[in-house]
Amino acid sequence: MNTITMIGLMIVAQYFGQNKIQYKDFDFRVLGTERFDIYFYEGCDDLAAFAEVVLEDAYTMLSDELGITVDFKIPVVIYNSPNDFSQTNITLELIEESTGGFSEILKNRMVVPFTGDYEEFRHILVHELTHVFQFTIFFPSRLEAIFSGDILYSIPLWVFEGHCEFMSLGWDVDSDIFVRDLVVNNKFIPIFVLEGYGGKVVYKEGQAFYNYVAEKYGREKVSEFIHLVKAKRNMEPVFMAAFGVTPDEFNKRWLRYYQTRYWPNVGEMENFDNYARIIYDHKKTNSIYNVSTAISPAGDKIAFISDRSGTAEIIVISSIDGRVIRKLVRSAYSSGYEGLHLYQGGLSWSRDGEYITFAAKSRGDDVLYIMRVTDGHVHKRMTFGLNGIYFPRFSPDGKKIIFTGLKDSYSDVYLCDVETGIIEKVTDDIYSESYPDMLSDDLIVFVSDRPDSGEDYYYGNHAVFMYDHGEVRRLTPRTKYVTSPIFIPDGSIYFVADYDSAYNLYYYSSDELKITKQTDIFTGIYYPSISTDGSKIAFSYYNDYGYDICVVKDPLDNMTAYTRPDSLEIEQEDYYVQEELAEEDVRKYKPKFTFDYFSASAEYFSALGFSGVGQIGISDILGNHHFQFASNFYGSLTSSDIFINYWYLRRRTDFGAALFQYLNYFADGNDLLVWRYLGLGGGVQYPLDRFFRIEFGLYAYKLYEKRWLDFFPSYSSSWSLEDDFNFFYPEVSLVFDNIKWGPIGPHDGRRFRIGGYVTMFSDRELRSAILDYRRYFGFSPRTSFATRLVLAGSFGSDLDYWSIGGAYSLRGYDYYALTGSKLGFLNLELRFPFIDRLSIAFPLPLEIRNVRACLFADMGAVHTDSVRLWETDDGFYLRDLKLGVGAGLRFTFMYVIFRFDVARAHNLKGWYEDYVSRVENTPSEWKFYLTLSPDW
């Protein structure tokens, strides 16, 4: 690519990438406590007061257990919804729905969203605070993580995350179900290989490890283990010192403990197949999450949210055979459906079976959709100014939709009139409310942790409540987990609860006013939904590390009414009294700049050798102001790349400015041109939505040119000419990116960038335009086909030049092999898994995972005056259009992606090349390329 464009990209924007948009202007204040600075904004006052109590208590608990204190005030940044949280500038990475919060090591900032449930909020606060204590143990100095040898010691993720889950939850039913499922299905991962895995299994097996340690050796052994990990810096001596056994022997005992715990109960569980039929199997469909189940009124179809395609989508299947009837919505590929609440969603059918309703994230807000099932046409799209919309359900007559709305740290039940779009609150209080359903305007059920009349508030103790003609009463015993109450026509209710250490289905009879247990499963039932006549019930069923869609016919007849314990009520805990903020402890936020990060990376080109890049960043606590110093040193200042950037990111429009020196190298015939740019620039980036943005830049610099005569093909020269030029120009670009990432590079989706620039008041008159279009086809979760087309041209009275050839454009040819004022090249690449795990014993024990391979063909042409792509006089063969074919390997080692390619030029007549000698039918040679970077 031309360096004029690259200067603008390095100052204020990334070349591609989706947009993190600040839809709101957050006016933060700071609550100062004894040990914390809690950052919050309008609508978060109650959350800040709640967080103060939870954090101070959790600090005391962690300090006592770990035997340390934190010698600085811990910054805690609170957002009152996941949608607001996704706009944070504390990390510049996009935040997906699965991220519940994060802590970062250098500034020890905790960043936590409120999801509508105070118990979940408490859990995340304590989880992230545990990370801060871990960082204090492992890296006592904030810069030690970067500048000490400790950075070379990779602590397994399960050590961190399992400990955080254990300290924040202890051992809960959800974790018990997850581990129970792994054990009985023989998928329990050994502790000594667990570090190679990702996802929920790392959290929950890690939690299971600490739970076992506390049960077997005493809770104090948990803290001892953490300190030994710091002291020993190697897991095998840690296990020997802590438990007197090797990790392998420990794993046998650890697994035996859970097998002994779970296996005796397997035979007591009812055979699930006796009454339920799996019609959508997650293993057969290569999915994990199949949730938010909604059966149609007639009982013939089921709609649900699935991750089958690698991202959340709404699928409609037959309730008879599971056949896919239609895929309605695929999230994360358009601005209207940026997210579908895969982990907190809900679907519902209209009474006539023509429409479904669901909530989706769109442009920073949650939107309530009504969609026609037959063709995916959006019938209505409604926004209400809420921070979140969850669990929508049509009323029986189809005229209203009931849902949980999140607003200013309160989750309440709302009713929406479908015709007018007007909403009204059913509840209005601090208590958690979720999963509403309605039989009529005056009969509504929902889940809440609200206290009974005259009692104290113990958050997290849930039950099913009935709103009956303006009065609210509790129907079920309290427990930690209650979800999805659904009405049947006679006013009775099905719901899911954890009364017996599994998520079973229960039935509340409106006539007898009693509860019966309808299932006796080993894991969990989620999102039950019933047909209008009550003849079919559908739900998601967790088994064998995934969620299946199941159907039960005539549930009251075919499901057994199991006996249950006489008392289901849990002991009340987590008492909370709502308090006002102490305003004298609150101050207005003022930016304070501190060291943010240091990073280093390297690239290696077989023709040019190593190139190293170092970066230092400084920002304020909220990440609204970013200063960056980046350099590429090559022995002297005049031969080095240097950038000093500033970004202002607080609002939707991002502004940037920079001072820079940048060097570029390319071929002009047999000469090597070295261009050194010294100047300044500024830019504006405006995101239209998550996927589209417009970039505008204005740059002024002096270009120093040094021409090494006859440098190619020997790659050396002792003769040079020097000149210099002044440039001033504006640049504008339109960028689109909706790709999904795979393990090494992009996997699915498309991205393009089209831009141009025109010089003004300059020594050269240049007018240039560039198009870069890339399309990725995900054939399977691990196989994809990638295409890239790049077109560029210079059209001014003076010409700008581009060079192609080498690993990033035209493989089979040398770097800078072809140069001209106009270019085009096309890359076609099949990417697929090659080796899942490679173990090397000599000379050092080494294990490399996830080795991937590719087959590729690259075509390209460059010209200035004229071009003749092919010849047909003596058979068909390529002339100015060049072709390289080959194969490559990709793997990651020490967080660096290695790319090795081998390619050879071919002209469709034979293995020939003629770009250097200009003699036709010159035999080509195999070219080898080793680079350190992700796939394009």
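Not measured: the values here are computed from a predicted model. (Residues numbered from 1 in each chain as written. Predicted model: local features only at pLDDT ≥ 70, side-chain atom pairs only at ≥ 80, totals over all residues. Heavy atoms only, no water.)

## Considering the sheet that holds strand β5 (residues 110–113)
Here is step 1: Read across the open sheet, the six strands follow the order β4-β5-β3-β2-β1-β30; overall the sheet is mixed. On the outer flanks of this sheet lie β4 (102–103) and β30 (586–588), each paired with one strand and no other.
Here is step 2: Sheet topology note: the strand β2 (residues 36–40)/strand β3 (residues 74–79) ladder contains four bridges and is parallel. By the bridge assignment, Phe 36 is partnered in β3 with Ile 74.
Here is step 3: Lying on the sheet, helix α2 (residues 45–66) is in contact with β1 (29–32), β2, β3 and β5; it crosses β2 at an angle near 155 degrees. (Pairing = 2+ DSSP bridges. Helix = DSSP H or I, 4+ residues; strand = E, 2+ residues; numbered from the N terminus. Contact = heavy atoms within 4.5 Å. Axes fitted to C-alpha atoms, helices over the stretch in contact; angles between N-to-C directions.)

## Concerning the packing of aromatic side chains
Here is step 1: With the rule as written, the count across this model stands at 93 aromatic pairs.
Here is step 2: For the ring pair Phe 114 and Phe 121, a centre distance of 5.5 Å and an interplane angle of 85 degrees mean the geometry is edge-to-face.
Here is step 3: Residue classification places Phe 114 among the buried positions, given a relative accessible area of 0%.
Here is step 4: Assessed through its relative accessible area of 1%, Phe 121 is described here as buried.
Here is step 5: We note Lys 740 situated over the ring of Tyr 333; from NZ or CZ to the ring centre the distance is 3.9 Å. (Phe/Tyr/Trp six-rings, centres within 6.5 Å; stacked < 30°, edge-to-face > 60°. Buried < 20%, exposed > 50% of the residue type's maximum accessible area, 1.4 Å probe, protein only. Lys NZ or Arg CZ within 6 Å of the ring centre and 35° of its normal.)

## A closer look at helix α9 (residues 220–232)
Here is step 1: The end-to-end C-alpha distance of α9, which contains 13 residues, comes to 18 Å, matching closely the 18 Å that a straight helix rising 1.5 Å per residue would cover.
Here is step 2: Taken residue by residue, α9 has Lys 221, Val 222, Ser 223, Phe 225, Ile 226, Leu 228 and Val 229 as its buried positions.
Here is step 3: On its buried face, α9 is in contact with α2, α4 (118–138), α6 (157–169), α8 (200–217) and α10 (235–243).
Here is step 4: Positive phi appears at Arg 233, one or two residues downstream of α9, with a value of about 60 degrees. (Expected span 1.5 Å × (residues − 1).)

## Observations concerning the confidence of the model for the chain
Here is step 1: For the chain, per-residue confidence averages 89 on the pLDDT scale, and 92% of positions sit at 70 or higher.
Here is step 2: Predicted confidence is poor over residues 146–152, with pLDDT under 50, and the contacts of this stretch with residues over four places away or in other chains come to eleven contacts.
Here is step 3: Low pLDDT, under 50, characterises residues 605–609; the predicted model gives this stretch twelve contacts beyond four residues in sequence or across chains. (pLDDT = per-residue confidence, 0-100.)

## Digging into the side chain of Ser 933
Here is step 1: Note on placement: Ser 933 falls in the segment after β53 (927–932).
Here is step 2: A polar atom in the side chain of Ser 933 sits 2.6 Å from the side chain of Tyr 808. (Polar contact = N/O pair within 3.5 Å; in protein donor to acceptor, adjacent residues only side chain to side chain.)

## Some points on α10
Here is step 1: Within the sequence span of α10, burial applies to Met 235, Val 238, Phe 239, Ala 242 and Phe 243. Seen end-on, α10 carries its buried residues on one side only, within an arc spanning 95 degrees.
Here is step 2: Check the buried side of α10 and you find it contacts α6, α8, α9 and α11 (247–266).
Here is step 3: Where α10 begins, one side-chain oxygen reaches toward the backbone nitrogen of Glu 236, 3.1 Å away; that side chain belongs to Asn 234.
Here is step 4: Gly 244 occupies a position one or two residues after α10 and carries a positive phi of about 75 degrees. (Arc of directions from axis to C-beta.)

## Digging into the sheet that holds strand β19 (residues 433–440)
Here is step 1: Taken together, four strands build an open sheet; the order of strands is β19-β20-β21-β22 and the sheet is antiparallel. This sheet does not close on itself; its edge strands, each paired only once, are β19 and β22 (471–474). The mean angle between the axes of side-by-side strands here comes to 25 degrees, regardless of whether they run parallel or antiparallel.
Here is step 2: Strand direction decides the pairing type here: strand β20 (residues 443–448) and strand β21 (residues 463–468), joined by six bridges, are antiparallel. Pairing of Ile 444 across the sheet is with Tyr 467, part of β21.

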